[in-house]
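# Report on the structure
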Amino acid sequence: MGKGGQNIGKLETNSPRNSPRFFTNPNIFPAWSKDVYECENHFQVTQKSGVRSADVERRRKIHGFNELDKHDGPSIWKLILEQFEDTLVRILLAAAVISFVLAWYDGETDDGKKELNAFVEPFVIFLILIVNAIVGVWQENNAEKALEALKEIQSEHATVIRDGKKITNLSAKELVPGDIVELKVGDKVPADMRVLELISSTLRVEQGSLTGESEAVNKTTKAVAEDSDIQGKKCMVFAGTTVVNGSCVCLVTQTGMETEIGRVHTQIHVASQMEEETPLKKKLNEFGEMLTKIIGLICVLVWLINVKYFFTVEYYESGCPRNFKFSFEKCTYYFEIAVALAVAAIPEGLPAVITTCLALGTRKMAQKNALVRKLPSVETLGCTTVICSDKTGTLTTNQMAVGKLVAMGQAGEELRSFKVDGTSYSPYDGEIHNWPSEEMDANLQIIAKIAAVCNDASVAESEHRFVASGMPTEAALKVLVEKMGFPEGLLPDGSSCGDVDLLCCCQRWNEYEHRIATLEFDRDRKSMGVIVNSPTGKNSLLVKGAVENVLERSAKMQLQDGSVIPLDDKSKKLILDALHEMSSSALRCLGFAYKDELPEFETYDGSEEHPAHELLLKPSNYSSIESQLIFVGLVGLRDPPRREVYQAIQDCRAAGIRVMVITGDNKNTAEAICREIGVFGAEEDISSRSLTGKEFMELEDQIAHLRQSGGLLFSRAEPRHKQEIVALLKEEGEVVAMTGDGVNDAPALKLADIGVAMGIAGTEVAKEASDMVLADDNFSTIVAAVSEGRSIYNNMKAFIRYMISSNIGEVASIFLTAALGIPEGLIPVQLLWVNLVTDGPPATALGFNPPDKDIMKKPPRRRGDSLITAWILFRYLVTGIYVGIATVGVFVIWYTHESFLGINLTGDGHTLVTYSQLTNWDQCSSWENFSVSPFTAGARVLSFENNACDYFQGGKVKATTLSLSVLVAIEMFNSLNALSEDGSLLIMPPWANPWLLLAMSFSFSLHFLVLYVPFLSRVFGIVPLSFKEWLLVFAVAFPVILIDEILKFMGRFANKHPTSSRSKSKLKGE
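Here is a short report on the structure shown in this document. Computed from a prediction, not measured in an experiment: that's the story for all the values here.

### A look at the overall build of the protein chain
When you go through the protein chain residue by residue, the secondary structure sums to 36 helices and 34 strands. Partitioning the intrachain contacts of the protein chain with sequence separation of at least 6 by distance along the chain shows that 72% fall at a separation of at least 24.

### Observations regarding the sheet that holds strand β28 (residues 736–740)
Sheet architecture is open: 8 strands sit in the order β12-β30-β29-β28-β13-β25-β27-β26, paired in mixed fashion. The sheet terminates laterally at β12 (370–372) and β26 (690–692), the two strands that pair on one side only. Averaged over all neighbouring strand pairs, the angle between strand axes comes to 20 degrees, with direction disregarded. Bridge analysis of β28 against strand β29 (residues 754–758) gives 4 bridges, and the strand direction is parallel. For methionine 738, the partnering residue across the bridge sits in β29 and is glycine 755. This element, helix α21 (residues 667–677), spans β25 (658–662), β26 and β27 (712–715) of the sheet and lies at about 155 degrees to β27.

### Here we look at the pattern of salt bridges
Counted by the stated rule, this structure contains 30 salt bridges. With a shortest N-O distance of 3.7 Å, glutamate 581 and lysine 404 are connected by a salt bridge. Placement of glutamate 581 in helix α17 (residues 569–584) and of lysine 404 in strand β14 (residues 401–408) is noted, with a sequence separation of 177 residues between them. A salt bridge links aspartate 456 to arginine 515, with the nearest nitrogen and oxygen atoms 2.7 Å apart. Taken together, the residues aspartate 456 in the loop between α13 (442–453) and β16 (458–462) and arginine 515 in strand β18 (residues 514–519) connect sequence positions 59 residues apart. Among the residues examined, arginine 515 registers a relative accessible area of 23% and is labelled partly exposed. One network of salt bridges, with partners in common, ties together Asp55, Arg58 and Arg59.

### Here we look at empty space enclosed by the protein
One pass over the structure, following the stated rule, counts 9 cavities of 30 Å³ or more. Here the largest cavity is characterised by a volume of approximately 100 Å³. Among the elements of the structure, α27 (779–820), α30 (870–896) and α32 (957–977) are those that each provide at least two residues to the lining of the largest cavity. By residue number, the principal contributor to the lining of the largest cavity is α30, which donates 4 residues. Taken together, the residues of the lining of the largest cavity break down into 4 nonpolar, 4 polar and 3 charged.

### Focus: the pairing of strand β23 (residues 588–595)
Within β23, 7 of the 8 residues are buried, which leaves it mostly tucked inside the rest of the structure. Two strands pair when backbone bridges link them, and strand β20 (residues 539–545) and β23 are joined in this way by 5 bridges, in the antiparallel orientation. What sits directly across from glycine 545, in β23, is glycine 591. In this sheet, strand β24 (residues 629–638) lies alongside β23 in antiparallel orientation, the contact comprising 7 bridges. Each residue of the ladder has a partner; that of tyrosine 594, found in β24, is isoleucine 630.

### Considering a nonpolar patch on the surface
A cluster of nonpolar side chains, contributed by Leu93, Val97, Phe100, Val101, Trp104, Phe126, Ile130 and Ile134, occupies part of the molecular surface with about 720 Å² of accessible area. With 5 residues, the top contributor of residues to the nonpolar patch is helix α4 (residues 87–106). Taking relative accessible area as the criterion, leucine 93 reaches 30% and is therefore assigned partly exposed.

### Considering the environment of valine 726
Secondary-structure assignment places valine 726 in helix α24 (residues 719–731). Distance in space between the C-alpha atoms of valine 726 and leucine 749 is 9.1 Å, their sequence separation being 23 residues. Excluding its chain neighbours within four sequence positions, the residues that come into contact with valine 726 are Val736, Met738, Ala748, Leu751 and Ala752.

### A closer look at a negative patch on the surface
Residues Glu413, Glu414, Asp568 and Asp569 make up a contiguous surface patch of negative charge. Its place among the elements puts glutamate 413 in the loop between β14 and β15 (415–419). Looking at glutamate 413, the relative accessible area reads 48%, which means it is partly exposed.

### Some remarks on the nonpolar core
General note: in soluble globular proteins, nonpolar side chains tend to be found buried as a group. Residues Phe779 and Tyr895 are the most contacted members of the largest nonpolar core, which totals 125 residues. Looking at this core, the element that brings in the most residues is α27, giving 15 residues. The contacts of tyrosine 895, once residues within four sequence positions are left out, are Thr911, Leu912, Val913, Leu918, Tyr951, Phe952, Gly955, Lys956 and Ala959. Membership of the second largest hydrophobic core comes to 56 residues, among which are Ile180, Leu196, Ala239 and Val765.

### Some words on the sheet that holds strand β5 (residues 204–206)
Strand order across the open sheet formed by 3 strands is β6-β5-β8, with antiparallel pairing between neighbours. Among the strands making up the open sheet, the edge pair consists of β6 (217–218) and β8 (242–245). One ladder, built from 3 bridges, connects β5 with β8; its direction is antiparallel. From the neighbouring strand, valine 205 faces β8, where its bridge partner is valine 243.

### Section: the state of the cysteines
Per the counting criterion, the structure on display carries 1 disulfide. Paired by a disulfide, cysteine 924 and cysteine 949 hold their sulfur atoms 2.0 Å apart. A torsion of -95 degrees about the S-S bond marks the disulfide between cysteine 924 and cysteine 949 as left-handed. Taken together, the positions of cysteine 924 in the loop between α31 (915–919) and β33 (935–937) and cysteine 949 in the loop between β34 (940–942) and α32 put the pair 25 residues apart, joining distant regions of the chain.

### Quick notes on the packing of α30 against α32
Direction vectors running N to C along α30 and α32 enclose 150 degrees, while the axes themselves pass 8 Å from each other. With respect to α32, the element α30 is oriented roughly antiparallel. Regarding α30 and α32, the two cross each other, and that crossing is right-handed. Contact residues: Thr879, Tyr882, Val883, Ala886, Thr887, Val890, Phe891, Trp894 and Tyr895 in α30; Lys958, Ala959, Thr960, Leu962, Ser963, Val966, Leu967, Ile970 and Asn974 in α32. Looking at the contact of α30 with α32 residue by residue, the class counts come to 12 nonpolar, 5 polar and 1 charged.

### Comments concerning the packing of aromatic side chains
Scanning the model with the defined rule gives 28 aromatic pairs in all. Three or more aromatic residues joined by ring pairs form one cluster here, namely Phe891, Trp894, Tyr895, Trp927, Phe930, Phe935, Phe944, Tyr951 and Phe952. Over the face of the ring belonging to phenylalanine 65 we find lysine 173, whose NZ or CZ atom lies 4.9 Å from the ring centre. Note that lysine 233 overlies the ring of tryptophan 32, its terminal NZ or CZ placed 3.7 Å from the centroid.

### Thoughts on helix α2 (residues 53–63)
The α-helix winds at 3.6 residues per turn, so residues separated by three or four positions along the chain end up facing the same way. Those residues of α2 not exposed but buried are Asp55, Val56, Arg59 and Arg60. Looking straight down α2, one finds its buried side chains confined to an arc of 140 degrees; they lie on one side. Residues of α2 that are exposed and point over 90 degrees away from its buried face: Ala54 and Lys61. Contacts from the buried residues of α2 go to β1 (157–162).

### Remarks on the packing of helix α20 (residues 645–654) against α27
Here α20 crosses α27 at 35 degrees, and the two axes come no closer than 8 Å. Considering how the two elements wind past one another, α20 and α27 form a crossing that is left-handed. In contact with Val645, Ala648, Ile649, Asp651 and Cys652 of α20, α27 contributes Phe779, Ser780 and Val783. A class-by-class count of the residues in the contact of α20 with α27 yields 6 nonpolar, 1 polar and 1 charged.

So, how was this worked out
- Residues numbered from 1 in each chain as written.
- Predicted model: local features only at pLDDT ≥ 70, side-chain atom pairs only at ≥ 80, totals over all residues.
- Heavy atoms only, no water.
- Helix = DSSP H or I, 4+ residues; strand = E, 2+ residues; numbered from the N terminus.
- Contact = heavy atoms within 4.5 Å.
- Pairing = 2+ DSSP bridges.
- Axes fitted to C-alpha atoms, helices over the stretch in contact; angles between N-to-C directions.
- Salt bridge = Lys/Arg side-chain N within 4 Å of Asp/Glu carboxyl O.
- Buried < 20%, exposed > 50% of the residue type's maximum accessible area, 1.4 Å probe, protein only.
- 1 Å grid on protein atoms, 1.4 Å probe; cavity = no way out; pocket = protein on both sides within 12 Å on 5 of 7 lines; lining within 4 Å.
- Points joined across faces, edges and corners; volume = space filled by probe spheres on them.
- Nonpolar A, V, L, I, M, F, W, Y, C, P; charged D, E, K, R; others polar.
- Patch = residues over 30% accessible without salt bridge, like charges linked within 9 Å, V, L, I, M, F, W, Y side chains within 5 Å.
- Areas by Shrake-Rupley, 256 points an atom, 1.4 Å probe, with all protein chains shown as cover.
- Lys, Arg positive; Asp, Glu negative; His and termini not counted.
- Charge placed at Lys NZ, Arg CZ, Asp CG, Glu CD.
- Core = buried A, V, L, I, M, F, W, Y, C linked by side-chain atoms within 4.5 Å.
- Disulfide = S-S within 2.5 Å.
- Parallel < 35°, antiparallel > 145°, perpendicular 65-115°, else oblique.
- Left-handed = near helix turned anticlockwise from the far one by under 90°.
- Phe/Tyr/Trp six-rings, centres within 6.5 Å; stacked < 30°, edge-to-face > 60°.
- Lys NZ or Arg CZ within 6 Å of the ring centre and 35° of its normal.
- Arc of directions from axis to C-beta.

See below:
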């Protein structure tokens, strides 16, 4: 295992102000700042001989194998135990255990057998806990997948020189520092290495996934400054990157965990250890802790109120007590009431409903191209306060496009400028403004010819997208040629450039000008040339490259009509001014030139036997061949911003969300894009808002910089810079969403509250480290997801509000039962049924509430915002107290009243008792001449001839059924109250959410099922009700709507009143 990187990336607990918390190893030899000889000397090797075989094992003992560490995740048992750290889960577990013990103790039938009905309640609670634990373990078990995906991008084999001999296909794992490695086109770099020699004229490496750069990077053998950032280390190649052009010989400097990718691995691991709970989970845990205290307090009160029933005292005639008796049966009975109270207080169905709501949210987001990998992130999105976005591929299309074409005018002092639309590789995307309606002039024709023929790229359509192969800049030039069209005068008779072929015009130019030789691009002359043979039989040279270099080797210029004049200083200055203007707008510019006079190649036909062929074999000759050129024009290219991003940035601003752009690209390009998409104003001074990653790390007060309102830009950012920014923002209480697509983004994606990876351009490492993947790589999709997240959170508040108010009602019911001393009206299994099954469908349906129209015009909620405000809690209590009064009241009414609200209740023939008798029912055995008539309960007739006192236990089945039915009906009506936090049902009527009406119908159907199916009614201890009894149920339940409407009106009035007061005082001040 790699040893050298074991301290890399550790989180500093007391880091000094200027020290990054995710630091690098100071003992690493800075090979990038040393020349080739110094590097060979340090590692005690030479390029020709490499490492001696006898020395390999010694080096491996010091540095370990060239592989990434495997971090063992927590054991399965530890993961299971972690699932029971939640406060609500612990309360449920305690309730289940106590309920099981009581069922075992009391649940025996007359013949001594255990009654299964008694075990329904603990069984259901245990089942909930098991399912919750399974889901939690499954989610936790996926946490280390990002580290596994990181290993997939490592090279498997390498070509190495040891003992002066070349070893092909050596396992990359076997490499040690000092090894000499050969790289060629297509190779994946196996370790961090110093470039010793370029075998080809140029070497390009695609390292964007590690550094964030939008294009392949040219590598060199020249040393750079020791404090260079990762993008500036031009003489280094890094593990996991790919050679796209050229070949070279390199010296291995770091292996395993000491490589840049090893640091990313460590940073991902560190970030995964720092993962925090989502804002909602924190609030629910706080609520659980508060609930624990409330339950404990109420349980103690219930016992204190009823402690008198635990003891019986006999007195002497003198009044002195003489015999104390403790009733274990009464003690157990009130202990069962306490358990019932705990079951009533806990919203057992809440975890399931939250999961269901989040799952429904993921489906909605998937329809908007946001694929959610972790359910809690749906809710977290809703409170996002800062979006840290990568630039390339997220804010931009990651497809190069020509934005401007500059051609020569009618005279040397004139230039023509054409704006080119389009943001993709589609030839049909956009047009060229002010394009001549007539035939293309000679100057534009030669520009089109050079762009089409001096070009090795191609564009194809794949799955409704246009994909480039080859260099992105060259692909963009071919798209430009298609937009320019092909001169009709040059077309063969009867042919046309139709829509059949995607690059028809480019093909026509390549058929018209036959390419016979290529002068490859190199870093010194910064240009590429091709020798072509035209239909006239004459050979010519077509050149494209960096404008300054092409201009320097040009002696003439072509005008609009095709005439050629000398290129004087005035014309050259005019072209350079145009170049400066385009470069200031972050356009990458390419110049075009040609040459008709080629004495050495006049008869060259591509044959190796031709004398001129020798000149093409030496790249050092290319500069002289590309001399005395005729300059014809230039183009400006860029990775253009997505069309919809500007509006998305405006939406973020309206929603109170700050956007920070963190990119590995260069500063000027990033600033220009940020101005264009609205992160910065067109003329805004951004000197204090735009920093490189290195400049930010050197700031005295980094927090003050991050606290600035509005947008910020960090360019040339390394992975550790991104992590530092995210960590500091989180310390400030911000909820951070971080986007990225590369390996370099993975640590910050893991650390952020919401890691958002790109689905198209994103690496597997980034996707595995993320919470959400964008199927379309589009920034505006994040904004849509935030809107959806806010809507989901509001809906979750609605059903939490509904479920908790219902639970408070159940607690009030049990407390009143105990306080009044009447028989137990609701048993735990009935409360469990209501909490899990009956309440579940309406609570879930509240997740379908339509979003508020101004949802993205409100500021995001903060981490510290309370889930339940004091006013909402007061409403819960008022509603809950009414639920308690209603459920206990209907129980009392059935026993004591002949009729209520004009509804006759004696049709079943039951015996009425006084309120005093009901509250002292436990003394029934001492009552004289107390008798009870038989009465009808569903299909049964209950008789109490042998034990009249059983009327308050076995005979309470009808009263219990009424209490349960009132509770169900009230909770159905209460779900209508939860449609809006403060809005009246007159403003948001029930049919605004038809799913809720359907859910209410389903819940009532379930209740009817347990009432009217004999087996189920026996399990739940209830009986069918008559029509009049149902009238009583609805008459008692309906007022809960009126009560909450009054409370909502008071809430709306209270919210408006302070505003009106402030406006009045403001008017007075004016």
